[in-house]
Amino acid sequence: MTEEDYSDISVNYLLKKMKEDPTVVAITSGTPTVMGFTEDKRQESGKQFVDVGIAEETAVALASGIAANGGKPVYGVYSTFVQRTYDQIAQDLCINNSPATIVTFSGSVYGMNDVTHLGLYDISMMANIPNLVYLAPTTKEEYLAMLDWSIEQTDYPVAIKLPGGSVISDGKEVTKDFSKLNTYEVTRHGSRVAILGLGTFYGLGNEVAESLKKENDLDATVINPYYITGLDTKLLESLKKDHDIVITIEDGMLDGGFGEKIARFYGDSDLKVLNFGVRKEFPDRYDLNELLKENHLTKEQIVADIQALL
């Protein structure tokens, strides 16, 4: 039995959604199986599946047009190919505020590792385009809740960054209202140290918190940010009362990334901010464990960096 991946999860959800709603359309650009649409699934979906070929620009322009006319398009794309359609995401989709959905796959250190197919740059590219809501689920359940919300809402273009590595499913019902933009969730309440683990690295954030408890008898606050594109200023402001250190962990390049937004928010305060992610470079056919160590993305290194400031 093969392990379930996000392609399986996506196609199973979308086929059910298509049968319930003829306005739902799945779009790919030459990679139909990115969302699990094998030949039999493509036949099953009929006209509600469109493969535009290797033309990412066309895919986003099509999605924007469908959304503007009342349809519910979902475009699945590998993170590494997002740069090919940056212009259309900004000009066709976001300027028009068309409520289409983009799902980015393999945007992770755990994704493809050759230099022409790296998925490390989508946060820097997409999270700084006006009007776009970019979401980072940590589990299968969060992804499906975000996808369902995104398809049904009519206010924003939405992108969803799938986590890297094995699918995590905790079976928990997600009741969060994603239309309340930029509202983070505190999952562990503590003091002195606050950890914002984005998407893939939310689990690593919890591991760091466990180590701090064991080694320093320190109860750290752990936060699931959900939103890559915006700040929960109310929550971030409240951390100033009883925290000295805030750390961010993200699955992507630090320059222009999520952590920089948090650091900028605290720039005029006394809080120390540590940002963990991948440095700006083009690693080629890298060894995953070496890349993680070189960028201080292991539990032990992050804990040591925090302890040095305590």
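Worth saying up front: this structure is predicted, and the values here are computed from it rather than measured.

**Some words on helix α1 (residues 6–20)**
The periodicity of an α-helix, 3.6 residues per turn, causes residues three or four positions apart to be oriented the same way. Taking 1.5 Å per residue as the helical rise, α1 with its 15 residues ought to reach 21 Å, and the 21 Å between its terminal C-alpha atoms agrees with that figure. Considered for burial, the residues of α1 that qualify are Tyr6, Ser7, Ile9, Ser10, Val11, Tyr13, Leu14, Leu15, Lys17 and Met18. If you follow the buried residues of α1, they end up packed against β1 (24–28), α2 (39–45), β3 (72–78), β4 (101–105) and α6 (140–152). Two or three places before Ser7, at the opening of α1, Asp5 has a side-chain oxygen 3.1 Å from that residue's backbone nitrogen.

**A look at the sheet that holds strand β2 (residues 49–51)**
One open sheet holds the six strands; their spatial order is β2-β1-β3-β4-β6-β5, and the pairing between them is parallel. The sheet is open, and its two borders are formed by β2 and β5 (133–135), each paired with just one other strand. Along the sheet, successive strands turn relative to each other by an average axial angle of 20 degrees, direction set aside. As paired strands, β1 and β2 are joined by three bridges and run parallel to one another. Paired with Thr28 across the bridge in β2 is Asp51. Contacting β1, β3 and β4, α1 runs over the sheet at an angle of about 145 degrees to β1.

The rules behind the values
Residues numbered from 1 in each chain as written. Predicted model: local features only at pLDDT ≥ 70, side-chain atom pairs only at ≥ 80, totals over all residues. Heavy atoms only, no water. Helix = DSSP H or I, 4+ residues; strand = E, 2+ residues; numbered from the N terminus. Expected span 1.5 Å × (residues − 1). Buried < 20%, exposed > 50% of the residue type's maximum accessible area, 1.4 Å probe, protein only. Contact = heavy atoms within 4.5 Å. Polar contact = N/O pair within 3.5 Å; in protein donor to acceptor, adjacent residues only side chain to side chain. Pairing = 2+ DSSP bridges. Axes fitted to C-alpha atoms, helices over the stretch in contact; angles between N-to-C directions.

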